[in-house]
Amino acid sequence: MSKLNGFKIIDNKRTPIIALVILITVAATASAETYDSLPGDDHAQPWHIVADEIIYDQKTDQYIAKGNATITREGKKLTADFVRFNYKTMEAFAMGHVVMTAGEDILISSSMEMDLGAEIGTIYNGTIFLKANNVYIKGDKIQKLGKNSYAADKVSITTCDGDSPAWKITGKNLKVTIEGYAFVNHAALWAKKVPVLYTPFLVFPAKLKRQSGLLPPQIGYSDRKWEEYIQPFYWAINESSDMTFYAHHMGRRGDKTGLEYRYVLDDKSKGALMYDFFNDRKVDDAALNSNSDWGYEDDNELRPNSDRYWFRMKHDQSMPFDFFAKIDLDFVSDQDYLHEFRDGYTGFDETEKYFSNNFGRELDDYDDPVRVNKLNLNRSWSKYSLNAEVRWYDNVINRRWKDQDTTLQKLPLIEFDGSRQQLPITPFYFDLDSEYTYFFRKDIATDQTTGHRVDLHPRFYLPLRFKNYFSFEPSFGLRETAWYIDKYEDDSTKADRTLSREIYDIKLDLSSEIFKAYHIKGKKIDGIKHIVTPQIIYDYIPEQNQDKYPSFDLIDRIEKQNLLTYSITNTLISKLIDSRKGDSGKGEKSRDDENDERVSYNYYQFCRFKLEQTYDINKAKENDPEPFSSVNGELEFVPGRYFSIDADATWSPYETDFLSHNIAVTILDNREDRLLVEYRYTRDLVESIYTNLLLKISDGLSVYTDYERNMYDGKNIRTGAGFLYKAQCWSIDCSYEDEGGDRQYTFMVNLYGLGEFGKSMAGGRIEKPFEEN
């Protein structure tokens, strides 16, 4: 028997130097799906064995590795104190601190027997860790039944780290298939060492990819609907599309069904459509302004219908020649539907959040009975843009309850605009706004029309700079508008169908900038720059009689102007120090040559305060006693990341009183505590206060409260409070809220990796793997 470079050879035959790495060709690896051959894996790749001592027994054709034995192949690794491998039968035995890894997934056991060819074997005192969902599966004896299948007599499952998990599920006779399902008998949910839930049979998905199946339900109770239960079912159709079905039971109102379909066509084309429907047992057929249980105080219309639905869709589509198309659809059964269903998986709030995050476009307000639907085709160049769209305003009240629907539609609206740009070989600049619109009404009432309109509005600028003293920019706009009346309410009384209008406007913009820099030389702030910007703007549009023109929107009535607007803006900008010692790159200046420290600067606008007022020359000429407008003020103050103030106010010089003033104050700290206080006041209309407070009691525990009150009529709008506790593998959220007299209690337990349990009628949308960030 001899030794060669750490190998012990029992037959006294010299082993070639290549035996330092013993090559064993196998067809598969030795554990769960996580440890199986990866997609595209080359089964001809060899295993590499390294150990303190390696023995080859020719009689049994076995390799024995002792002491720090390591077997590796294609990113997979097995380590143990002792490994025995039979090349003929492909059977392996590992013992002592057995650890097998594949990517970020890990198998740990005291010993393991495995048929690497058939992928069948037994793991003793083992733990399987799946990184994708942070899942631990532990068992005294885990049997590998095939490529992706396991069984165990006794097992515990958790997503918590550590030897004493915060929660776990234990059971018997586990059978699990990776990318399939797990079945457990006599399953029990434990909180630490206390059993809290038992079920004789449990099934849960054991998939690392998207999978079809039931999603966590929502459970709740309210006075208007009584008990509620929403059960979603998720269907992973393929890699580029999925769908969710919703069954929504309301004890007092009936059963509502819904669906969501999401799809991706390419990297720039995607869409989502959603539809809900139910037959409501309750209708709002009480007398107008009566106290109906099924209507809303701010709604003067009845809702006698029981068929209720909401269809909404958004789609983005890449087109040839750099064109891009967008579709926005929003049809609702009645004006109360979105009042009724603001919360929940398929409610207005979550739908708007999803559309805003994924498409960058929001819905109309939930209380707006006119819903905009449009098909848009657009293309942008470096200096010009084209937008062509068909826009339909769905007035649900007119459509459902009125004899006539006179809502004005734009079929189509085509806009061609040019951004500000210089005219060649001149000091002049210009921009362009132009549009063509066809206005359509389903029904025409008295003095209403339908027809075509073309509007062209180029504007020319001459920017002038007088050294560093002031800037002066005169501009001149020309507007040409033409109409063709397609239909009058009474065609017999109108003969002139073609009309046109020419009008001009003049603007003079005079401004200056006065500044002073204050050198502070602090540790974080090097200086502060104070900029004062006075500005005077003169706007003039001549008076013109426009009664003969149709009146579709504001473009058809250009009001005369002779206004002088003056303002002063104060801006404070800090010069922040960003020191980098030993940086050999370019610094703005050196502050400490001895320490080879270079300094760069960041500039941050932390305060802006503007005052503005307008003087109406036409009113003064007409002896109007109030030619001056109210004084408008705006304040933005953000001295750092932990404090901000946003405020605005309107003050009347004639009444020497504020007509409105609003302020919002936000305070944060590095613990992520947050306080928001917002006060809003409009004289004789609104006076309200809103507060929102979040306190982090510890790293895991937070308490929160919010309160909103209408001080004008002395009513509370919303009151809420609750606490959230987050652990490494679970969380609990308890809250109470009272909004509009409808009180709700929320209790939510989230076991990370398994889902949520409890009531979450105002919670977030189900996170689906298919959704894009």
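### Some points on the pattern of salt bridges
Inspection of the entire model under this criterion finds 39 salt bridges. Across the salt bridge formed by Glu473 and Arg420, the nearest N and O atoms sit 2.4 Å from each other. Note that Glu473 is positioned in strand S30 (residues 470-488) and Arg420 in strand S26 (residues 408-422), a separation of 53 residues in sequence. Assessed through its relative accessible area of 18%, Glu473 is described here as buried. For the salt bridge of Glu612 with Lys610, the shortest nitrogen-to-oxygen distance reads 3.6 Å. For Glu612, a relative accessible area of 29% gives the class partly exposed.

### Quick notes on the state of the cysteines
Under the definition given, this model contains one disulfide. The partner cysteine of Cys160 in its disulfide is Cys729, sulfur to sulfur 1.7 Å. Because the torsion about its S-S bond is 80°, the bridge between Cys160 and Cys729 counts as right-handed. Of this pair, Cys160 sits in the loop between strand S12 (149-158) and strand S13 (167-177) while Cys729 sits in the loop between strand S43 (715-726) and strand S44 (730-739), and the two are 569 residues apart along the sequence. On the basis of relative accessibility, which here comes to 2%, the residue Cys160 falls in the buried class. Given the relative accessible area of 2%, Cys729 is considered buried.

### Concerning the side chain of Glu435
Its place among the elements puts Glu435 in strand S27 (residues 429-441). Classification of Glu435 by relative accessible area gives buried; the value is 16%. Side chain to side chain, Glu435 and Thr437 meet in a polar contact 3.1 Å long. A distance of 2.7 Å separates the side chain of Glu435 from the side chain of Arg453, its partner in a polar contact. Look past the residues within four positions of Glu435 in its chain and what remains in contact with it is Leu413, Ile414, Glu415, Arg453, Val454, Asp455 and Ile555.

### A short note on the environment of Arg453
Following the sequence through the fold, Arg453 ends up in strand S28 (residues 449-461). Sequence separation between Arg453 and Asp556 is 103 residues; the distance between their C-alpha atoms is 9.4 Å.

### Some words on the packing of aromatic side chains
According to the stated counting rule, one finds 25 aromatic pairs in the structure shown. Here the aromatic cluster, defined as three or more aromatic residues joined through ring pairs, consists of Phe278, Trp310, Tyr337, Phe341, Phe348 and Tyr366. The cationic tip of Arg312 hangs over the ring face of Trp310; the distance from NZ or CZ to the ring centre is 3.9 Å. Arg420 extends its terminal NZ or CZ atom over the ring of Tyr429, reaching a point 5.5 Å from the ring centre.

### Focus: the side chain of Gln231
Structurally, Gln231 can be placed in strand S18 (residues 226-238). Residue Gln231 is classed as buried on the basis of its relative accessible area, which comes to 18%. Of note is the side chain of Gln231, whose polar atom sits 2.6 Å from the side chain of Tyr229. Apart from residues lying up to four places away in sequence, Gln231 is in contact with Leu214, Leu215, Pro217, Phe245, Tyr246 and Ala247.

### Section: the pairing of S43
With 10 bridges joining them, strand S42 (residues 701-710) and S43 adopt antiparallel strand pairing. Bridge pairing in S43 links Ser702 to Leu724. Remark: four residues form the turn of the hairpin made by S42 and S43, two consecutive strands paired antiparallel; Gly714 in that turn has positive phi of roughly 70°. With nine bridges connecting them, S43 and S44 associate as antiparallel partners. Counted as the bridge partner of Leu724 is Asp733 from S44. Here S43 hands over to S44 after three residues, the two strands then running antiparallel side by side.

### Regarding the nonpolar core
Of all hydrophobic cores here, the largest spans 43 residues; its most connected members are Ala65, Val83, Met112, Ile128, Ile137, Trp167 and Leu174. When near neighbours in sequence (up to four residues on either side) are disregarded, Ala65 contacts Ile49, Ala51, Glu53, Ile54, Asp81, Phe82 and Val83. Val332, Tyr337, Phe348 and Phe359 belong to the second-largest nonpolar core, a separate cluster that totals 16 residues.

### Digging into the confidence of the model for the protein chain
Should pLDDT be low for a region, the predicted coordinates there are not to be read in detail. Overall, the prediction assigns the protein chain a mean pLDDT of 83, with 85% of residues at 70 or greater. Low pLDDT, under 50, characterises residues 1-43; the stretch is placed with 120 contacts to residues that sit more than four places away or in other chains. Every residue in residues 581-594 is under pLDDT 50, and counting partners more than four places away or in other chains gives 25 contacts.

Conventions adopted
One numbering rule holds for all chains: residues counted from 1, following each sequence as written. The model is predicted, so local features are restricted to residues of pLDDT at least 70 and side-chain atom pairs to those at 80 or more, both for listing and for counting; the totals for chains, interfaces and linings are taken over all residues. Side-chain descriptors were evaluated using all non-hydrogen atoms of the structure, hydrogens and water having been removed beforehand. We count a salt bridge whenever a side-chain nitrogen from Lys or Arg sits within 4 Å of a carboxyl oxygen from Asp or Glu. Numbered from the N terminus, helices here are DSSP runs of H or I no shorter than four residues, and strands are runs of E no shorter than two. Three exposure classes are used, based on accessible area relative to the maximum for each residue type with a 1.4 Å probe and protein chains only: buried under 20%, partly exposed in between, and exposed over 50%. Cysteine sulfurs are considered disulfide-paired once they come within 2.5 Å of each other. Any N or O atom pair separated by 3.5 Å or less is treated as a polar contact, with the protein-specific requirement of one donor-capable and one acceptor-capable atom, and with residues adjacent in sequence counted only for side-chain atom pairs. Here, residues are in contact when the closest pair of their heavy atoms is within 4.5 Å. Only centres within 6.5 Å qualify two rings of Phe, Tyr or Trp (six-membered ring in Trp) as a pair; their planes then separate them into stacked at under 30 degrees, edge-to-face at over 60, and tilted for everything else. Two conditions define a charge located above a ring, namely a distance within 6 Å from the ring centre to NZ of Lys or CZ of Arg, and an angle within 35 degrees of the ring normal. Note: two strands are recorded as paired if DSSP finds a minimum of 2 bridges between them. The definition of a nonpolar core used throughout is a set of buried Ala, Val, Leu, Ile, Met, Phe, Trp, Tyr and Cys residues joined through side-chain atoms within 4.5 Å. Every residue gets a pLDDT, meaning the predictor's confidence in that residue, from 0 to 100.

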